Amino acid sequence: MAHRRGAPSFGTELRTIALVGIFRNWRERASEDESSSPVDVDVAHETSRIPSMTDSSPSSDDLDTSVDDSSDDDTSATEISDEVTSEAPSEKADDDSADASPEPDGQVLADPLIGMLIDGRYRVNQLLARGGMATVYVARDERLDRLVAIKVMHPHLAASQNFVHRFRREARSAARIIHPSVVSVFDQGIVAGSGYLVMELVDGPNLRTVLNREGSLTVGRALAYTEAVLGALVLAHRTGVIHRDIKPENVLIPSDGPIKVADFGLARAASDVSAATTGSVLGTVAYIAPELVTEGEPDPRSDLYALGIMLFEMITGHTPYEDRTAMQVAWAHVHEDIPAPSSLESWIPKEIDDVVCSFAARDPKDRPADAQAALDQLVRIRAELSDDLLTQRADVGPSDDNDLTDQIRLRGETVALPITEKKSQRIKTQAQPPRKKRRLPLVIATVLALVIAAGAAFSWWWFEYGPGSYIAVPNVVNVVSADAHETLETLNLTVQEEEAFDDDVAAGIVISTIPAPDEKVHKNGTVTIVVSKGIEMIEVPDLVGSSGQEFNAAIRQVRLSPGIMTEEYSETVAEGLIISLDPGPRQSIKHHSPVNVVVSKGREPITVPDVTGQTTEDATTALTDLGLQVTTSEEFSTEVEKGAVISQDPEPETILYRSDSVSLVISKGPEMTTVPNVVRMSERQAVNAIEARGLVVNVVRVLGALDLVATVEPGAGTSVPVGSTVTIRVV
């Protein structure tokens, strides 16, 4: 929602003017010993031991253990890493000055930003840390109710319009990098004349703190951290952002979630200005790529060089050339190939040597073509290593933060190095002789200055924080994403993009904005556009063979709807399991679409019909139509005509299943025989001969005196069924 502010009273104007003056005075005093230092405070925010919100000026002891007690450049509680200014290196500020600058009378000047509400949104809770370029505070975003880190640049940098322009440009570019392994940039603006960034506050130490606490890391852990950094670099390089200062101080290890890389592109703003004004390039000497030393011009492969050095350090516990001075280290990066990690630890395999030396090759052409190629190489090599090797680590123990050697400090320290192939000129200033003090002119000048300052302060407040600083959000709903970016960025608004599925809005079109169209937003504020990913399509899972209960749970889990459920008999799928889906498995359909399912009722039961007395053909057809198999055998029968079924097995009304067998006995009809010729035989002989053929004898005696058969009926040779009666006449 837009924040509207009424016109301030005269008293409010004076308080605002006074606050601005106090803030500038405090910042100038606080950074007095640091303004010539190459140290900067950058945000890669570690909150493991953030001091109590009631503390207005935390000491170095209150910061996370990654905050170096000797005021090392890599103080990290929001990942305090070494950015660089255009000044030549100088001695670092003493720790006691990290909180407040003592006044001559011994009083400590409190930080006037503590408790201030910046941009009507960010309530500053506490000072976190301070370096040569900026001061970092913990604040609460009252609009979204979350803790953030606010990095406020020192006033002496605001005087450089070139730096301010580059700072805002690089911050805007970094804000477009949305990746789980990148510290997010939420907002930017001006407070008390100094630029500031609002960034993600991460709960966890940076990699430098982890290395100091643990020493070397296991091979598997080092490769995993490198892989995560490469994932962030792939996206950043594709969007045209080069990190330029990859080092352990800029890699955060949250208590949960993926590791995060901080300060994308911000090193470039300071280093470009330094190169233009002093002819020197700023960088972290232990990790600086040769081309940055010789030419001052990075490309994406410069980040791969620094990452190779960082991988070398994670595995071996040392950086190359760490026993040399800063200039000697820079010279070595340009003129020497880094040693193979196995030269320090003989157990390290050739595969690890190859990937480290490939990333950190002196000639950029010898490095992987881009971050994606480097990531593919790393993933491939990691897959080839054994589990035992991935758990090995060098015998390098933790470092005592209170007693770090110069070599250890040099690893993360940012220095200004002359660009060897480009010449620069130094601007010398001469001290002006002190002017004689004249009381009356001084009073008049002071009054005039106050009047002018009051008017300027009011104008500044009106156009920077008052009603004049707010503009209406243009309506970019239903506009292509690229056009929406162009429209909003033309108004100097920072654009954050989120994606969401939408059933009605085509992919790539803006669904809505936050704030909504026509609502007010600060002229340097942030507008979030929600871009459609189109209709969400879901792949139907393969649930054939699952139970109905499993189907319902799985289909709802992928945000589809259970459709119509029907049942069918199946000879291959057990009862209660799914036979088929409609749409079929692995088809892509709209979310919440119904998926119909056919569930098995098991094998189909078949009642055996009664086919006795039927012809063989009819009986066989009736049984096979039911899905049964038929076997037959034959028998003679005097009762069942030939070709008809005498009997069946199993009996009628028996329950069978498809492909089961039914046996049929088919009638061959009655058994036939021929009537023997028994004429002229004795009665006994004739009876025996006829009965031997299975026939019944009917004897008719006419005289019986001769005991001879005179006639046979039916006649001899006649074919008759077995069991038929043959009549003989005996004389």
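Residues numbered from 1 in each chain as written. Predicted model: local features only at pLDDT ≥ 70, side-chain atom pairs only at ≥ 80, totals over all residues. Heavy atoms only, no water.

Chemist: Help me out: how do you make sense of the pattern of salt bridges in this one?
Modeler: A side chain of one charge can pair with a side chain of the opposite charge when the charged atoms of the two come close. Tallied over the entire structure, the rule returns 21 salt bridges. Residue Asp245 pairs with Lys247 through a salt bridge whose shortest N-O separation is 3.3 Å. Residue Arg362 is joined to Asp337 by a salt bridge in which the shortest nitrogen-to-oxygen separation is 2.9 Å. Note that Arg362 is positioned in the loop between α10 (350–359) and α11 (371–384) and Asp337 in the loop between α9 (326–335) and α10, a separation of 25 residues in sequence. (Salt bridge = Lys/Arg side-chain N within 4 Å of Asp/Glu carboxyl O. Helix = DSSP H or I, 4+ residues; strand = E, 2+ residues; numbered from the N terminus.)

Chemist: Any chance you could explain the environment of Gln587 here in plain terms?
Modeler: Tracing the backbone shows Gln587 in the loop between β19 (578–582) and β20 (588–590). For the pair Gln587 and Asp542, spaced 45 residues apart in sequence, the C-alpha to C-alpha distance is 9.5 Å. Those residues within four positions of Gln587 in sequence are excluded, and the remaining contacts are Ile538, Glu539 and Val540. (Contact = heavy atoms within 4.5 Å.)

Chemist: Would you mind showing me how to read the sheet that holds strand β23 (residues 629–635) here?
Modeler: Think of a sheet as strands paired side by side through backbone hydrogen bonds, with each pair either parallel or antiparallel. Across the sheet, which stays open at both edges, the three strands sit in the order β23-β26-β24 with mixed pairing between neighbours. Two strands lie at the open edges of the sheet, namely β23 and β24 (645–649), each paired on one side alone. When strand polarity is set aside, the average angle formed by the axes of neighbouring strands in this sheet is 25°. Relative to strand β26 (residues 661–667), β24 is paired through four bridges, and the arrangement is antiparallel. Considered in β26, the bridge of Ser647 is made with Val665. Strand contacts of helix α17 (residues 616–624): β23, β24 and β26, with the helix running at about 170° to β26, the strand carrying the most contacts. (Pairing = 2+ DSSP bridges. Axes fitted to C-alpha atoms, helices over the stretch in contact; angles between N-to-C directions.)

Chemist: Can you help me understand the layout of surface pockets in this one?
Modeler: Picture a little ball the size of a water molecule; that probe, rolled over the atoms, points out where space is still empty. Taken as a whole, the largest pocket encloses approximately 460 Å³ of empty space. Taken together, 18 residues make up the lining of the largest pocket; nearest its centre are Leu144, Arg146, Gln496, Glu498 and Thr528. Elements supplying a minimum of two residues to the lining of the largest pocket: β6 (185–191), β13 (494–500) and β16 (526–532). Of the residues forming the lining of the largest pocket, the biggest block, three residues, is contributed by β13. By residue class, the composition of the lining of the largest pocket is eight nonpolar, five polar and five charged. (1 Å grid on protein atoms, 1.4 Å probe; cavity = no way out; pocket = protein on both sides within 12 Å on 5 of 7 lines; lining within 4 Å. Points joined across faces, edges and corners; volume = space filled by probe spheres on them. Nonpolar A, V, L, I, M, F, W, Y, C, P; charged D, E, K, R; others polar.)

Chemist: Explanation requested: a negative patch on the surface in the structure shown.
Modeler: On the surface, a cluster of negative charge is contributed by Asp610, Asp649, Glu651 and Glu653. With respect to the helices and strands, Glu653 occurs in the loop between β24 and β25 (655–657). Residue Glu653 is classed as exposed on the basis of its relative accessible area, which comes to 60%. (Patch = residues over 30% accessible without salt bridge, like charges linked within 9 Å, V, L, I, M, F, W, Y side chains within 5 Å. Areas by Shrake-Rupley, 256 points an atom, 1.4 Å probe, with all protein chains shown as cover. Lys, Arg positive; Asp, Glu negative; His and termini not counted. Charge placed at Lys NZ, Arg CZ, Asp CG, Glu CD. Buried < 20%, exposed > 50% of the residue type's maximum accessible area, 1.4 Å probe, protein only.)

Chemist: What am I meant to see in the pairing of strand β21 (residues 594–600) here?
Modeler: In terms of burial, β21 is largely enclosed, as five of its seven residues are buried. As paired strands, strand β18 (residues 561–568) and β21 are joined by six bridges and run parallel to one another. Among the inter-strand pairings, Pro562 is bridged to a residue of β21, identified as Val595. In terms of strand pairing, β19 meets β21 through four bridges, oriented antiparallel. Bridge pairing in β21 links Asp582 to Asn596.

Chemist: Whenever I open this one, the nonpolar core confuses me. Can you help?
Modeler: Membership of the largest hydrophobic core comes to 71 residues, with the highest contact counts inside it found for Leu207, Val229, Leu230, Phe264, Met310 and Met314. The leading source of residues in this core is helix α5 (residues 219–238), at 11 residues. Excluding residues within four positions of it along the chain, Met314 makes contact with Leu207, Leu211, Ser216, Leu217, Ala222, Tyr225 and Thr226. (Core = buried A, V, L, I, M, F, W, Y, C linked by side-chain atoms within 4.5 Å.)

Chemist: Teacher, can you tell me more about the packing of helix α4 (residues 207–214) against helix α8 (residues 300–316) here?
Modeler: Think of two packed helices as two axes; the pair is described by the angle between the axes and how far apart they sit. Put simply, α4 and α8 touch, their axes get as near as 11 Å, and they point 25° apart. Judged on the interaxial angle alone, α8 and α4 are roughly parallel. As for the relative orientation of α4 and α8, their crossing is left-handed in sense. Residue-level inspection shows Leu207, Arg208 and Leu211 of α4 in contact with α8, the latter providing Met310, Glu313 and Met314. Among the residues making up the contact of α4 with α8, the classes are represented as four nonpolar, no polar and two charged. (Parallel < 35°, antiparallel > 145°, perpendicular 65-115°, else oblique. Left-handed = near helix turned anticlockwise from the far one by under 90°.)

Chemist: What's the story with α8 in this structure? I'm lost.
Modeler: Side chains three or four residues apart in an α-helix point the same way, a direct result of the helix having 3.6 residues per turn. The end-to-end C-alpha distance of α8, which contains 17 residues, comes to 25 Å, matching closely the 24 Å that a straight helix rising 1.5 Å per residue would cover. Where burial is concerned, most of α8 is hidden: 15 out of the 17 residues are buried. A side-chain oxygen of the first residue of α8 lies 2.8 Å from the backbone nitrogen of Arg301; this N-cap is Asp299. (Expected span 1.5 Å × (residues − 1). Polar contact = N/O pair within 3.5 Å; in protein donor to acceptor, adjacent residues only side chain to side chain.)

Chemist: Could you clarify how one ought to interpret the side chain of Gln648 in this entry?
Modeler: Considering the arrangement of structural elements, one finds Gln648 in strand β24. Looking at Gln648, its side chain comes within polar contact range of the main-chain oxygen of Pro609, at 3.0 Å. A distance of 3.5 Å separates the side chain of Gln648 from the backbone oxygen of Pro650, its partner in a polar contact. Excluding its chain neighbours within four sequence positions, the residues that come into contact with Gln648 are Val608, Pro609, Asp610, Val611, Thr612, Ser663 and Leu664.

Chemist: Hey, could you run me through unusual backbone geometry in this one?
Modeler: With an omega of 0°, the peptide bond running from Ile514 to Pro515 counts as cis. Positionally, Pro515 belongs in the loop between β14 (510–514) and β15 (520–522). Residue Pro714 is bonded to the preceding Glu713 through a cis peptide linkage, with omega at -5°. Tracing the sequence through the fold places Pro714 in the loop between β29 (709–713) and β30 (719–721). Despite not being glycine, Glu653 has its phi angle at roughly 75°, a positive value. A positive phi angle is found at Asp707, which is not glycine, with a value near 60°. Following the sequence through the fold, Asp707 ends up in the loop between β28 (696–701) and β29. On the basis of relative accessible area, Asp707 is assigned to the partly exposed category, the value being 33%.

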